[in-house]
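Here are the chains, one letter per residue:
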Amino acid sequence: MAQSKPVANPRIHLVDQFRGMAVLMMAAFHLCYDLSVFGFLSFKMDGGFFSWFRFLIVTLFFIAVGAGLYLGHHQTVVWRSFWHRQLKIVAGALIITLSTYLMYPQSWVWFGVLHFIAVASVLALPFIRVPRTALCTGVAIFVLYNLLDGFNLSFLYNALKGTLHLPRGTQDLTRLIPWLGMVLVGIYFGSRRFWGCRSLPLGPLRRPIDWLSRHSLVFYLLHQPPLFGLAWLLDQLLH
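Predicted model, so just to flag it, every value in this text is computed and none were measured. (Residues numbered from 1 in each chain as written. Predicted model: local features only at pLDDT ≥ 70, side-chain atom pairs only at ≥ 80, totals over all residues. Heavy atoms only, no water.)

## Things to note about the packing of aromatic side chains
Two descriptors summarise a pair of aromatic rings, namely the distance from one centre to the other and the angle between the planes of the rings.
Stage number 1. Applying the stated criterion across every chain yields a total of 22 aromatic pairs.
Stage number 2. Taking the centre distance of 6.3 Å and the plane angle of 75 degrees together, the rings of Phe29 and Phe50 count as edge-to-face. Pair noted here: Phe29 is in helix α1 (residues 13-37) and Phe50 is in helix α2 (residues 49-73), with a separation of 21 residues, a long-range link.
Stage number 3. We classify Phe29 as buried; its relative accessible area is 10%.
Stage number 4. Ring centres of Phe62 and Phe116 lie 4.4 Å apart, and the angle between their planes is 40 degrees; on these two criteria the pair is classed as tilted. Within this pair, whereas Phe62 is found in helix α2, its partner Phe116 is found in helix α4 (residues 113-124), the two being separated by 54 residues in sequence.
Stage number 5. With a relative accessible area of 0%, Phe116 lands in the buried category.
Stage number 6. Chaining the aromatic ring pairs together yields one cluster made of Phe29, Tyr33, Phe43, Phe49, Phe50 and Phe53. (Phe/Tyr/Trp six-rings, centres within 6.5 Å; stacked < 30°, edge-to-face > 60°. Helix = DSSP H or I, 4+ residues; strand = E, 2+ residues; numbered from the N terminus. Buried < 20%, exposed > 50% of the residue type's maximum accessible area, 1.4 Å probe, protein only.)

What follows is the structure in structure tokens.
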């Protein structure tokens, strides 16, 4: 009797949806900021709505990063695929740094979302074989960050700011601590296959979010100029 081939685990579409939803909400976040530049609304990052909205966006992003690392490499690390992905992310991060340096020389982005994903992916890779350790470490990072004032790598910034000529302020900063913890939590979620939840019932948004997930890097790099242009156009028409 012929032996049946093992059936591959179905793709967990939820990871793609998390990424796509995060990209969509990020665009909404940036549009709100652009509208605030022209006086359409008040945009404050002081613990209010927009602070929590950003928290939700990066949480979805980084859980997807961790879960994707686990699902793609937990049996064996596919180095060619891993480094190909890393190369694209690093290239995107360099584009962000260069473009913001030219536009905002006093507050250019030296460690934003893409920089973080590139570094966190390497640091998190050893944890894909020990997802429970990843969970405990991830939770511990968040606990220590909130309990200890010095648990934030600020000493590293102080040590490097002179050598690298880092600006005092920045247009975007994604802290390695505590957000590495969210990537590690994502590894554990991936190992549990999100407890059987493979996708969300997004209705008519399903296809647009799938498209955004597939093209998330390109969309991330290109979305801001059109949104700022839209805010400018509204200002010309309505003010």
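## Observations regarding the environment of Pro126
Stage number 1. Relative to the elements of secondary structure, Pro126 occurs in the loop between α4 and α5 (131-147).
Stage number 2. In this structure the C-alpha to C-alpha distance between Pro126 and Val77, which are 49 residues apart in sequence, comes to 9.9 Å.

## Comments concerning the side chain of His13
Stage number 1. Relative to the assigned elements, His13 resides in helix α1.
Stage number 2. Overall, the relative accessible area of 14% leaves His13 in the buried class.
Stage number 3. Separated by 2.7 Å, the side chains of His13 and Asp210 make a polar contact. (Polar contact = N/O pair within 3.5 Å; in protein donor to acceptor, adjacent residues only side chain to side chain.)

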